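Each chain, letter by letter, is given below.
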Amino acid sequence: MSSIKIECVVSETYKIGESPVWEEKEGTLLFVDITGQKVCRWDPSTKKVQSVSVEAPIGSVALRKSGGYVLAMGNTFSALNWEDQSVTTLARVDEDKPNNRFNDGKVDPEGRFLAGTMSQEIRPAVVERNQGSLFTLYPDHSVVKHFDMVDISNGLDWSLDHKTLYYIDSLSFKVDALDYDMKTGKSSNRRTLYKLQQDEGIPDGMCIDAEGKLWVACYNGGRVIRIDPETGKQIQTVKLPIDKTTSCCFGGPDYSEMYVTSACDGMDEDWKKRQPQSGGIYKITGLGVKGIAPTAFAG
Ligand SMILES: O=C(O)[C@H](O)[C@@H](O)[C@H](O)[C@H](O)CO
Ligand SMILES: [Zn+2]
């Protein structure tokens, strides 16, 4: 087995770095700064980040087949034209809950964009409970709710056979599984797959690898953990030099690198002094497993 190397590749300190997505066409890493209200694109060849400021907290970004990106931003699903930086609203959710905002999201293997909501944080990981829901934006821009009563809607991904949706509501400290009907985009039969250990922190972003195992970024846990959905067991821990690891994705030319986003919101001066690179973007190499390419929103 090759040895694992961890490197901070973007040392800018984002407030809440999140939603990393590898964009193969450009050879770049896309991500957001949620409370910094930015969509960012890092180019490993120039080591430069380009960013677009948006008008609301932005929970997640995804690729879009017709060009540009799709956003889960404020209480809207929106489209971003990267060239002229214009944002167009595609649909609205939670209109009866003005304090809600979108959080994490991902495109399913058929090209639908799923993202969940939460009530705005009073401070990190403290929210009015049960205010969030999980939604799907279909390619025709219609929206369907999967379920509500969520605290902090977070990481999601699909099994390699596309029959299972993996889902995290952070404050449950669990990774759940649901049956997923790829024909209709409907989910059912939600159950617990893995409950985090106390020292693992709060489950946040998540991605699947090419062997069908899940990688979960653990907020305040300073790590990503690998879970085998077959057994419901944690099978690997990779620790990072910062506590507020928020999400992860595979990227690089052959998806053999893992990118991990992080946050610095809510850290006091002493904590920041000890971990000055909190909020940066990390690259892990030598994991010995690859990821799979992200799907683009079909609408
Ligand atoms: O990025 C997110 O998913 C939330 O918006 C963050 O604020 C934290 O990660 C969360 O508090 C920990 O679960
Ligand atoms: Zn998250």
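Bear in mind that the values here come from a model prediction, so they are computed numbers and not experimental data.

Trainee: Lay out the confidence of the model for the chain with the relevant residues and their values.
Mentor: Mean pLDDT for the chain: 97, with 99% of residues reaching 70 or above. Scored as a complex, the prediction yields pTM 0.98 and ipTM 0.93.

Trainee: I'd like to hear about the pattern of salt bridges, residue by residue, with values.
Mentor: Using the criterion set out here, one finds 13 salt bridges in the structure. Residue Lys-106 is joined to Asp-157 by a salt bridge in which the shortest nitrogen-to-oxygen separation is 3.3 Å. With Lys-106 in strand β10 (residues 100-107) and Asp-157 in strand β14 (residues 153-158), the pair connects residues that are 51 residues apart, well separated along the chain. For Lys-106, a relative accessible area of 22% translates into the label partly exposed. For Asp-157, a relative accessible area of 10% translates into the label buried. Residues Lys-290 and Asp-254 are paired through a salt bridge, measuring 3.8 Å at the closest nitrogen-oxygen approach. Residue Lys-290 is located in the segment after β24 (281-285), and its partner Asp-254 is located in the loop between β22 (245-251) and β23 (257-262); the two are separated by 36 residues in the primary sequence. Among the ionic contacts, a cluster of salt bridges with common partners joins Lys-25, Glu-26 and Arg-41.

Trainee: Residue-level account of the environment of Pro-241, with values.
Mentor: With respect to the secondary-structure elements, Pro-241 resides in the loop between β21 (233-239) and β22. With a relative accessible area of 52%, Pro-241 lands in the exposed category. Taking the C-alpha atoms as reference, Pro-241 lies 11 Å from Gly-280; in sequence the two are 39 residues apart. What Pro-241 contacts, discounting residues up to four positions off in sequence, is Ile-6, Gln-275 and Tyr-282.

Calculation rules
Residues numbered from 1 in each chain as written. Chains lettered and ligands numbered in written order. Predicted model: local features only at pLDDT ≥ 70, side-chain atom pairs only at ≥ 80, totals over all residues. Heavy atoms only, no water. pLDDT = per-residue confidence, 0-100. Salt bridge = Lys/Arg side-chain N within 4 Å of Asp/Glu carboxyl O. Helix = DSSP H or I, 4+ residues; strand = E, 2+ residues; numbered from the N terminus. Buried < 20%, exposed > 50% of the residue type's maximum accessible area, 1.4 Å probe, protein only. Contact = heavy atoms within 4.5 Å.

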